[in-house]
Amino acid sequence: MKLSFRRRLVAVGVAIGALTLTGVGVGTAQASATHITQSRPAAAKPTVVLVHGAWADGSSWDKVTTKLQRDGYRVVVPPNPLTGVASDAASLRAYLDTITGPIVLVGHSYGGMVITNAALGNERVKALVYVDAYIPDQHDTVFSLTSAVPGSVFGGDTSAVFDQVAIPGEPGNVNLYVKPSVFGTAFAGKSIPAKDVAVLAARQRPLAFSALIEESGEPAWKTIPSWSVIGKQDAVLPAAEQVVMSERAKAHSIQINAPHLSMVTDPGAVTNQIEAAAKATN
């Protein structure tokens, strides 16, 4: 049987009264509906991939890794083989393929050569971050960029800078180790205690000579937003050249009073720049 208009009106009034008595009310119910509509799960934070440079290993990222993990980021620090630009990029590219979700890809020093080539065409890489790093254009080499402006301690006689070790099966190619007497000046300046520099020099991983003269490919920074950290005391890759490369890549840059190992001496500033890149690309 159909309710009369009066009885339906009374029923609606009772229902509204019940909502009010239970602390919901019409206004509150509307607000709750709006809140439900507007509340969506926060975007997942990207995975931060940290790529070390030459004459180093993943431990160079330890302080930055700790800070990023404390801030809720998943961080991975895959080993960089240091055998050549193309082969190292291929190794990193294969590693990136195992990661689901968005990626912020960070390279230090020679690691910048690697990430520039590895990220090309990878839609999951949302940002590139260069820390005291090479930001190559196509056909650039480590050697050409290091010597583009004066000031690098690696710009002189190589026999005075590197110890050479033959690579079996590769005639004419050698592994280069930075001489302990040069290591501190090149990487640490006066910002890292001598005892710690000695450990870093002992733990260094060599770079193949061929990597210094291997041309870089088409750069990923032409299609992926970039950020950079420039150490103004860098004695490996002069700050003036880092500025030129950063401007060419249209990178969001900061300059800090740090040597080549800025992630060791000023991990806070480096972490902030990485997180700025991550937040800007969410």
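Scope of this entry: the structure provided in the associated data block. Along each chain, residue indices are assigned from 1 in the same order as the chain's sequence is written. Local features in this predicted model are restricted to residues of pLDDT 70 or higher, and side-chain atom pairs are both shown and tallied only at a pLDDT of 80 or more, whereas totals for entire chains, interfaces and linings draw on every residue. Side-chain calculation: all heavy atoms of the structure are included, whereas hydrogens and water are not.

Topic: the sheet that holds strand E7 (residues 207-208)
Next, step 1: Reading across the sheet, the 3 strands line up as E5-E6-E7 and stay open at both edges, with antiparallel pairing between neighbours. Both edges of this open sheet fall to strand E5 (162-166) and E7, since each of them pairs with a single strand only.
Next, step 2: Pairing of strand E6 (residues 174-178) with E7, which is carried by 2 bridges, proceeds in the antiparallel orientation. Bridge pairing in E7 links Leu176 to Leu207. Two strands pair under a simple rule: DSSP has to find at least two bridges between them. Helix numbering and strand numbering both begin at the N terminus, where a helix is a DSSP run of H or I of at least 4 residues and a strand a DSSP run of E of at least 2.

Description of the packing of aromatic side chains
Next, step 1: Working definition: rings of Phe, Tyr and Trp (its six-membered ring) pair if their centres are within 6.5 Å, and the pair is stacked with planes under 30 degrees apart, edge-to-face with planes over 60 apart, and tilted otherwise. This structure, assessed with the given rule, holds 6 aromatic pairs.
Next, step 2: Between Trp55 and Phe187, the aromatic rings sit 6.4 Å apart at their centres with planes inclined by 65 degrees, giving edge-to-face as the arrangement. Here Trp55, found in the loop between strand E1 (47-51) and helix H3 (62-70), pairs with Phe187, found in helix H8 (residues 180-188); they are 132 residues apart in sequence, far enough to count as distant.
Next, step 3: Exposed residues in this analysis have more than 50% of their type's maximum accessible area, buried residues have under 20%, and partly exposed residues fall in between, with area computed by a 1.4 Å probe over protein chains only. Its relative accessible area of 8% is what places Trp55 among the buried residues.
Next, step 4: Charge-over-ring placement is defined geometrically: NZ (Lys) or CZ (Arg) within 6 Å of the ring centre, and within 35 degrees of the ring normal. Taking the ring centre of Tyr73 as reference, the NZ or CZ of Lys45 above it sits at 4.6 Å.

Some points on the pattern of salt bridges
Next, step 1: Every case where a carboxyl oxygen of Asp or Glu lies within 4 Å of a side-chain nitrogen of Lys or Arg is listed as a salt bridge. Applying the stated rule across the entire model yields 6 salt bridges.
Next, step 2: Where Arg203 meets Asp57, a salt bridge forms, and the shortest distance between an N and an O atom there is 3.7 Å. On the criterion of sequence distance, the pair formed by Arg203 in helix H9 (residues 194-203) and Asp57 in the loop between E1 and H3 is long-range, its members being 146 residues apart.
Next, step 3: For Arg203, a relative accessible area of 38% puts it in the partly exposed group.
Next, step 4: Classification of Asp57 as buried rests on a relative accessible area of 18%.
Next, step 5: Asp97 is the partner of Arg124 in a salt bridge, and the nearest nitrogen-oxygen pair spans 3.8 Å.

Description of the side chain of Ser228
Next, step 1: Tracing the sequence through the fold places Ser228 in strand E8 (residues 226-231).
Next, step 2: In this structure Ser228 comes out as buried when scored by relative accessible area, which is 1%.
Next, step 3: In what follows, a contact means two residues having at least one pair of non-hydrogen atoms within 4.5 Å. When near neighbours in sequence (up to four residues on either side) are disregarded, Ser228 contacts Tyr130, Ile135, Ser246, Ala251, His252, Ser253, Ile254 and Gln273.

Brief notes about the environment of Asp196
Next, step 1: If you trace the backbone, Asp196 turns up in helix H9.
Next, step 2: Residue class for Asp196 comes out partly exposed when judged on its relative accessible area of 32%.
Next, step 3: Taking the C-alpha atoms as reference points, Asp196 and Gly184, 12 residues apart in sequence, are found 9.5 Å from one another.

Some details on the sheet that holds strand E4 (residues 125-131)
Sheet strands pair via backbone hydrogen bonds, and the direction of the pair is either parallel or antiparallel.
Next, step 1: In spatial order, the strands read E2-E1-E3-E4-E8-E9; together these 6 strands make up an open sheet with parallel pairing. Both outer strands of the open sheet, strand E2 (75-76) and strand E9 (252-256), are each paired with one neighbouring strand and no more.
Next, step 2: Summarising the sheet, E4 and E8 pair through 4 bridges and their orientation is parallel. Looking at E8, one finds that Leu128 is bridged to Ser226.
Next, step 3: Axis definition: a line fitted to C-alpha atoms, limited for helices to the stretch in contact. Angles are taken between N-to-C directions and run from 0 to 180 degrees. Where H3 meets the sheet, it contacts E1 and E2, and its direction lies at approximately 180 degrees from that of E1.

Quick word on H3
Next, step 1: Where H3 is concerned, the buried positions are Val64, Thr65 and Leu68. When H3 is viewed along its axis, its buried side chains cluster within an angular range of 100 degrees and face the same direction.
Next, step 2: Along its buried surface, H3 packs onto E1, E2, helix H12 (262-265) and helix H13 (267-280).
Next, step 3: At the C-terminal side of H3, Gly72 shows a positive phi close to 95 degrees. It is the directions from the helix axis to the C-beta atoms whose arc is reported.

Describing the packing of H3 against H13
Next, step 1: Running from amino to carboxyl end, H3 crosses H13 at an angle of 50 degrees, the nearest separation of the two axes being 9 Å. The angle between H3 and H13 places the two elements in the oblique class. Crossing of H3 over H13 shows right-handed handedness. Of the residues in H13, those touching H3 at Lys63, Val64, Lys67 and Leu68 are Pro267, Gly268, Val270, Thr271, Ile274 and Glu275.
Next, step 2: Class assignment of the residues belonging to the contact of H3 with H13 gives a composition of 5 nonpolar, 2 polar and 3 charged. Should an angle lie under 35 degrees it is considered roughly parallel, over 145 roughly antiparallel, and from 65 to 115 roughly perpendicular; all remaining angles are considered oblique. Rotating anticlockwise by less than a right angle from the far helix to the near helix defines a left-handed crossing, while the corresponding clockwise rotation defines a right-handed one. Throughout, the ten residues Ala, Val, Leu, Ile, Met, Phe, Trp, Tyr, Cys and Pro are labelled nonpolar, Asp, Glu, Lys and Arg are labelled charged, and all others, Gly among them, are labelled polar.

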